[in-house]
Amino acid sequence: MLTASVRDVRFFASLLRGVHFSNMATIGLAKSGLTVTVEEARSIHGKAFIFAPLFDEYETHAEGVDDDDDENEFATFQIHLNVLIECLNIFGTAGPISAPITGNANNNFKRWKRNEEDGGSDHEGVGEGDGRGRGRGLAAYFAGSEKSTSMRMSYAGDGYPLTLMIAEDASGPTTTCEISTYDPEPHLDFNLNFGNSDVLMRVILKMDYPNDPEVLETFECERPISCTYRFSHLSRTLRALSSSTKTSVRIDEDGLLSLQFQMFKPGTSAEGFIEFRCLPLDD
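Residue numbers restart at each chain and count upward from 1, following the sequence in its written direction. The predicted nature of this model means local features are confined to residues of pLDDT at least 70 and side-chain atom pairs, given and counted, to a pLDDT of 80 or more, with totals for whole chains, interfaces and linings taken over all residues. Neither water nor hydrogens contribute to the side-chain values; these are computed over all heavy atoms in the structure.

## Some remarks on the overall build of the protein
So, step 1. Helix and strand assignments follow DSSP, with helices taken as H or I runs no shorter than four residues and strands as E runs no shorter than two, numbered in order from the N terminus. When helices and strands are tallied, the protein shows four helices and 14 strands.
So, step 2. A buried classification covers 51% of the 283 residues belonging to the protein.
So, step 3. Accessible areas in this description were obtained via Shrake-Rupley with a 1.4 Å probe; residue shielding takes into account the shown protein chains only. Of the roughly 13,500 Å² of accessible surface on the protein, 47% is carried by carbon and sulfur atoms. Exposed residues in this analysis have more than 50% of their type's maximum accessible area, buried residues have under 20%, and partly exposed residues fall in between, with area computed by a 1.4 Å probe over protein chains only.

See below:
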(Lines give C-alpha, C1' and ligand atoms only; values in the text may rest on other atoms or scores of the structure.)
Protein backbone atom coordinates (compact mmCIF):
# COMPACT_ATOMS: atom_id res chain seq x y z
CA MET A 1 0.00 0.00 0.00
CA LEU A 2 2.87 2.37 0.82
CA THR A 3 6.61 2.30 0.21
CA ALA A 4 8.70 5.39 0.93
CA SER A 5 12.37 6.06 1.61
CA VAL A 6 14.73 8.90 2.45
CA ARG A 7 18.51 8.97 2.47
CA ASP A 8 18.53 11.33 5.47
CA VAL A 9 15.71 11.20 8.01
CA ARG A 10 16.46 14.53 9.72
CA PHE A 11 14.00 16.71 7.81
CA PHE A 12 11.28 14.07 8.03
CA ALA A 13 11.92 13.76 11.77
CA SER A 14 11.81 17.55 12.22
CA LEU A 15 8.34 17.69 10.66
CA LEU A 16 7.15 14.96 13.01
CA ARG A 17 8.61 16.77 16.02
CA GLY A 18 6.72 19.87 14.98
CA VAL A 19 3.40 18.19 15.86
CA HIS A 20 4.66 16.05 18.73
CA PHE A 21 2.55 17.56 21.51
CA SER A 22 0.64 14.32 22.02
CA ASN A 23 1.80 10.74 21.62
CA MET A 24 -1.08 9.44 19.49
CA ALA A 25 -1.10 10.57 15.86
CA THR A 26 -3.26 9.75 12.86
CA ILE A 27 -1.40 9.02 9.62
CA GLY A 28 -3.24 9.69 6.38
CA LEU A 29 -1.95 8.29 3.08
CA ALA A 30 -2.55 9.86 -0.32
CA LYS A 31 -0.77 9.67 -3.65
CA SER A 32 0.51 13.22 -3.17
CA GLY A 33 2.02 12.50 0.24
CA LEU A 34 1.08 11.78 3.80
CA THR A 35 -0.33 13.75 6.72
CA VAL A 36 0.31 13.39 10.44
CA THR A 37 -2.51 14.73 12.62
CA VAL A 38 -2.46 15.25 16.37
CA GLU A 39 -5.20 16.66 18.59
CA GLU A 40 -5.44 17.61 22.23
CA ALA A 41 -8.37 18.43 24.52
CA ARG A 42 -10.69 18.85 21.52
CA SER A 43 -9.27 22.38 21.32
CA ILE A 44 -6.04 22.32 19.34
CA HIS A 45 -5.29 20.41 16.18
CA GLY A 46 -1.88 20.05 14.53
CA LYS A 47 -1.20 18.57 11.10
CA ALA A 48 2.08 18.02 9.26
CA PHE A 49 1.84 17.84 5.46
CA ILE A 50 4.71 15.70 4.18
CA PHE A 51 4.54 15.74 0.40
CA ALA A 52 5.85 13.03 -1.92
CA PRO A 53 8.79 15.16 -3.28
CA LEU A 54 10.27 15.24 0.23
CA PHE A 55 10.98 11.52 -0.09
CA ASP A 56 13.63 10.02 -2.35
CA GLU A 57 11.10 7.27 -3.14
CA TYR A 58 7.34 7.43 -2.64
CA GLU A 59 5.01 4.79 -4.09
CA THR A 60 1.43 3.94 -3.25
CA HIS A 61 -0.73 1.03 -4.34
CA ALA A 62 -4.41 1.10 -3.47
CA GLU A 63 -7.21 -0.86 -5.08
CA GLY A 64 -10.25 1.07 -6.22
CA VAL A 65 -8.52 4.46 -6.12
CA ASP A 66 -8.73 6.67 -9.20
CA ASP A 67 -5.32 7.16 -10.81
CA ASP A 68 -6.02 10.90 -11.02
CA ASP A 69 -7.06 11.20 -7.38
CA ASP A 70 -3.85 12.49 -5.82
CA GLU A 71 -5.10 14.42 -2.81
CA ASN A 72 -7.80 12.31 -1.16
CA GLU A 73 -6.52 9.96 1.51
CA PHE A 74 -7.11 6.29 0.75
CA ALA A 75 -5.95 4.92 4.11
CA THR A 76 -5.68 6.20 7.69
CA PHE A 77 -4.35 4.64 10.87
CA GLN A 78 -3.07 5.68 14.28
CA ILE A 79 0.36 5.12 15.77
CA HIS A 80 2.35 6.16 18.82
CA LEU A 81 4.20 9.18 17.43
CA ASN A 82 6.85 9.08 20.15
CA VAL A 83 7.75 5.52 19.12
CA LEU A 84 8.14 6.54 15.46
CA ILE A 85 10.43 9.45 16.38
CA GLU A 86 12.54 7.29 18.70
CA CYS A 87 12.94 4.66 15.97
CA LEU A 88 14.14 7.30 13.49
CA ASN A 89 16.75 8.40 16.02
CA ILE A 90 17.83 4.90 16.95
CA PHE A 91 21.42 5.62 15.84
CA GLY A 92 21.41 9.09 17.40
CA THR A 93 21.79 10.92 14.08
CA ALA A 94 18.24 12.17 13.49
CA GLY A 95 18.37 15.23 15.71
CA PRO A 96 17.47 15.66 19.37
CA ILE A 97 15.23 13.23 21.20
CA SER A 98 12.00 15.05 21.91
CA ALA A 99 9.19 14.69 24.41
CA PRO A 100 5.74 16.06 23.72
CA ILE A 101 5.39 19.81 24.25
CA THR A 102 3.17 20.27 27.29
CA GLY A 103 1.47 23.21 28.89
CA ASN A 104 4.57 23.83 30.93
CA ALA A 105 6.72 24.39 27.89
CA ASN A 106 7.51 27.91 27.04
CA ASN A 107 0.66 22.77 -5.76
CA ASN A 108 0.93 20.01 -3.50
CA PHE A 109 -2.24 19.94 -1.40
CA LYS A 110 -2.35 23.67 -2.15
CA ARG A 111 0.73 25.81 -2.42
CA TRP A 112 0.88 28.75 -0.06
CA LYS A 113 0.15 31.67 -2.28
CA ARG A 114 -2.30 34.46 -2.08
CA ASN A 115 -4.97 34.18 -4.71
CA GLU A 116 -7.70 36.76 -4.62
CA GLU A 117 -9.36 35.54 -7.82
CA ASP A 118 -10.27 32.04 -6.68
CA GLY A 119 -11.76 33.11 -3.38
CA GLY A 120 -8.76 32.10 -1.30
CA SER A 121 -6.92 28.88 -0.61
CA ASP A 122 -7.26 26.91 2.58
CA HIS A 123 -3.46 26.79 2.74
CA GLU A 124 -2.64 30.42 3.07
CA GLY A 125 -0.37 32.50 0.86
CA VAL A 126 3.05 32.85 2.36
CA GLY A 127 4.57 32.93 -1.10
CA GLU A 128 7.02 30.66 -2.80
CA GLY A 129 10.42 30.42 -1.18
CA ASP A 130 13.73 29.94 -2.90
CA GLY A 131 14.10 26.35 -1.76
CA ARG A 132 17.31 26.90 0.12
CA GLY A 133 15.84 25.97 3.47
CA ARG A 134 16.70 29.12 5.35
CA GLY A 135 14.52 28.37 8.37
CA ARG A 136 16.29 29.53 11.49
CA GLY A 137 16.49 26.22 13.28
CA LEU A 138 16.27 23.71 10.47
CA ALA A 139 19.85 23.99 9.21
CA ALA A 140 21.07 22.83 12.61
CA TYR A 141 19.78 19.36 11.78
CA PHE A 142 22.12 19.21 8.80
CA ALA A 143 25.29 20.79 10.19
CA GLY A 144 28.24 19.45 12.11
CA SER A 145 27.67 15.74 11.53
CA GLU A 146 28.92 13.57 8.69
CA LYS A 147 26.78 10.61 9.66
CA SER A 148 23.16 10.37 8.66
CA THR A 149 20.40 7.82 8.98
CA SER A 150 18.51 6.49 5.97
CA MET A 151 15.07 4.91 6.16
CA ARG A 152 12.76 2.77 4.11
CA MET A 153 9.16 2.76 5.33
CA SER A 154 6.36 0.42 4.29
CA TYR A 155 2.74 -0.22 5.22
CA ALA A 156 0.76 -3.15 3.86
CA GLY A 157 -2.75 -2.18 4.96
CA ASP A 158 -5.27 -2.50 7.80
CA GLY A 159 -3.99 -4.60 10.66
CA TYR A 160 -0.37 -4.53 9.53
CA PRO A 161 2.39 -2.66 11.35
CA LEU A 162 4.24 0.34 9.99
CA THR A 163 7.64 -1.14 9.16
CA LEU A 164 10.86 0.87 9.14
CA MET A 165 14.18 -0.38 7.85
CA ILE A 166 16.83 1.99 9.18
CA ALA A 167 20.52 2.12 8.32
CA GLU A 168 23.24 4.40 9.64
CA ASP A 169 25.16 4.30 6.35
CA ALA A 170 25.79 1.93 3.46
CA SER A 171 28.35 -0.15 5.36
CA GLY A 172 27.02 0.39 8.88
CA PRO A 173 24.47 -1.40 11.02
CA THR A 174 20.81 -1.74 10.03
CA THR A 175 17.72 -2.42 12.07
CA THR A 176 14.07 -3.13 11.36
CA CYS A 177 11.31 -1.63 13.51
CA GLU A 178 7.68 -2.71 13.40
CA ILE A 179 5.34 -0.13 14.93
CA SER A 180 1.83 -1.23 15.87
CA THR A 181 -1.02 0.54 14.08
CA TYR A 182 -4.55 1.14 15.34
CA ASP A 183 -7.91 2.14 13.94
CA PRO A 184 -8.08 5.93 13.81
CA GLU A 185 -10.17 7.83 16.35
CA PRO A 186 -12.37 10.62 15.00
CA HIS A 187 -11.04 14.16 15.36
CA LEU A 188 -12.98 17.32 16.00
CA ASP A 189 -13.86 18.95 12.69
CA PHE A 190 -11.52 21.92 12.37
CA ASN A 191 -12.04 22.11 8.59
CA LEU A 192 -13.88 25.39 8.77
CA ASN A 193 -13.86 27.56 5.68
CA PHE A 194 -10.98 30.03 5.55
CA GLY A 195 -12.07 31.69 2.32
CA ASN A 196 -11.42 35.41 1.95
CA SER A 197 -14.95 36.30 3.03
CA ASP A 198 -14.55 34.57 6.40
CA VAL A 199 -11.04 35.67 7.38
CA LEU A 200 -11.03 38.74 9.60
CA MET A 201 -7.27 38.92 10.07
CA ARG A 202 -4.40 37.66 7.91
CA VAL A 203 -0.69 38.16 8.65
CA ILE A 204 2.24 36.62 6.78
CA LEU A 205 5.72 36.85 8.31
CA LYS A 206 9.05 35.98 6.71
CA MET A 207 11.27 34.25 9.24
CA ASP A 208 14.65 35.26 7.79
CA TYR A 209 15.37 38.34 9.86
CA PRO A 210 17.93 40.03 9.83
CA ASN A 211 18.91 38.71 6.37
CA ASP A 212 15.63 40.08 5.07
CA PRO A 213 14.55 43.15 7.08
CA GLU A 214 11.12 43.21 5.41
CA VAL A 215 9.66 40.72 7.85
CA LEU A 216 6.00 41.65 7.39
CA GLU A 217 4.86 40.40 3.98
CA THR A 218 1.11 40.75 4.43
CA PHE A 219 -1.11 42.40 7.02
CA GLU A 220 -4.87 42.53 6.56
CA CYS A 221 -7.45 43.22 9.25
CA GLU A 222 -11.01 44.13 8.29
CA ARG A 223 -11.99 45.49 11.70
CA PRO A 224 -10.76 45.50 15.31
CA ILE A 225 -11.00 42.02 16.81
CA SER A 226 -10.13 40.47 20.15
CA CYS A 227 -9.83 36.74 20.81
CA THR A 228 -8.38 34.87 23.78
CA TYR A 229 -6.46 31.58 23.56
CA ARG A 230 -4.71 29.43 26.10
CA PHE A 231 -0.98 30.05 26.15
CA SER A 232 -0.47 26.35 26.84
CA HIS A 233 -2.10 25.65 23.47
CA LEU A 234 -0.08 28.26 21.57
CA SER A 235 3.15 26.93 23.09
CA ARG A 236 2.58 23.68 21.18
CA THR A 237 3.61 25.53 18.01
CA LEU A 238 7.11 26.54 19.19
CA ARG A 239 9.01 23.66 17.55
CA ALA A 240 7.38 24.30 14.18
CA LEU A 241 7.95 28.04 14.52
CA SER A 242 11.66 27.58 15.16
CA SER A 243 12.05 25.72 11.86
CA SER A 244 9.79 27.75 9.59
CA THR A 245 10.73 29.90 6.62
CA LYS A 246 7.42 31.75 6.53
CA THR A 247 4.53 31.85 8.95
CA SER A 248 0.88 32.63 8.25
CA VAL A 249 -1.55 33.73 10.98
CA ARG A 250 -5.30 33.84 10.30
CA ILE A 251 -8.42 34.32 12.41
CA ASP A 252 -11.89 33.70 11.07
CA GLU A 253 -15.18 35.27 12.14
CA ASP A 254 -15.69 32.61 14.84
CA GLY A 255 -12.26 33.23 16.36
CA LEU A 256 -10.72 30.03 15.01
CA LEU A 257 -6.97 30.60 14.84
CA SER A 258 -4.87 29.08 12.04
CA LEU A 259 -1.08 29.08 12.22
CA GLN A 260 0.81 27.70 9.21
CA PHE A 261 4.55 27.13 9.10
CA GLN A 262 6.28 26.62 5.77
CA MET A 263 9.64 24.86 5.62
CA PHE A 264 11.95 23.74 2.83
CA LYS A 265 14.13 20.68 2.84
CA PRO A 266 17.67 22.13 2.95
CA GLY A 267 19.40 22.17 -0.41
CA THR A 268 16.21 21.45 -2.37
CA SER A 269 13.01 23.13 -3.50
CA ALA A 270 10.87 20.43 -1.84
CA GLU A 271 8.63 21.86 0.85
CA GLY A 272 6.47 20.69 3.69
CA PHE A 273 4.39 22.58 6.14
CA ILE A 274 2.69 22.31 9.49
CA GLU A 275 -0.66 23.82 10.40
CA PHE A 276 -2.18 24.34 13.82
CA ARG A 277 -5.81 25.30 14.40
CA CYS A 278 -6.89 26.44 17.84
CA LEU A 279 -10.32 27.25 19.22
CA PRO A 280 -10.73 30.46 21.23
CA LEU A 281 -11.80 30.59 24.86
CA ASP A 282 -15.40 31.50 25.49
CA ASP A 283 -15.86 35.11 26.54
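Now that the structure is up, let's keep going.
## Some thoughts on the sheet that holds strand S4 (residues 44-51)
So, step 1. Being paired, for any two strands, means DSSP has found at least two bridges between them. Across the sheet, nine strands lie side by side as S6-S2-S3-S4-S14-S13-S12-S10-S11; this open sheet has antiparallel pairing. Every interior strand has two partners, whereas the edge strands, strand S6 (75-80) and strand S11 (216-221), have only one. Direction aside, neighbouring strands of the sheet carry axes that sit 15° apart on average.
So, step 2. Only heavy atoms enter the contact rule, under which two residues are in contact if any of them lie within 4.5 Å. Note on definitions: angles span 0 to 180 degrees between N-to-C directions of axes, and those axes are lines fitted to C-alpha atoms, for helices only across the stretch in contact. Of the strands in this sheet, strand S2 (24-30), strand S3 (33-40) and S6 are in contact with helix H2 (residues 81-88), which crosses S6 at around 75°.

## A word on the sheet that holds strand S5 (residues 57-60)
So, step 1. Spatially, five strands are ordered S5-S1-S7-S8-S9 in an open sheet, and the strand pairing comes out antiparallel. Two strands close off the open sheet at either side, each with one partner strand: S5 and strand S9 (174-179). For this sheet, the mean inter-axis angle between neighbouring strands, taken without regard to orientation, is 10°.
So, step 2. Its contacts with the sheet place H2 against strand S7 (150-155), strand S8 (162-167) and S9, and it is angled at close to 20° to S8.

## Let's talk about H2
So, step 1. The buried fraction of H2 amounts to six of the eight residues, a majority that puts the element mostly inside the structure.
So, step 2. For H2, the set of buried residues is Leu81, Asn82, Leu84, Ile85, Cys87 and Leu88.

## Remarks on the packing of helix H1 (residues 10-18) against H2
So, step 1. The geometry of H1 relative to H2 is characterised by a closest axis approach of 10 Å and an angle of 155° between their N-to-C directions. Taken together, the axes of H1 and H2 lie roughly antiparallel to each other. In this structure, the crossing between H1 and H2 has a hand that is left-handed. On H2, the residues touching Phe12, Ala13, Leu16 and Arg17 of H1 are Leu81, Leu84, Ile85 and Leu88.
So, step 2. When residue character is reported, Ala, Val, Leu, Ile, Met, Phe, Trp, Tyr, Cys and Pro are called nonpolar, Asp, Glu, Lys and Arg charged, and the others, Gly included, polar. Class assignment for the residues of the contact of H1 with H2 results in seven nonpolar, no polar and one charged. Here is the rule for angles: anything less than 35 degrees is roughly parallel, anything more than 145 is roughly antiparallel, 65 through 115 is roughly perpendicular, and the remaining ranges are oblique. Less than a right angle of anticlockwise turn of the near helix away from the far helix marks a crossing as left-handed, whereas a clockwise turn marks it as right-handed.

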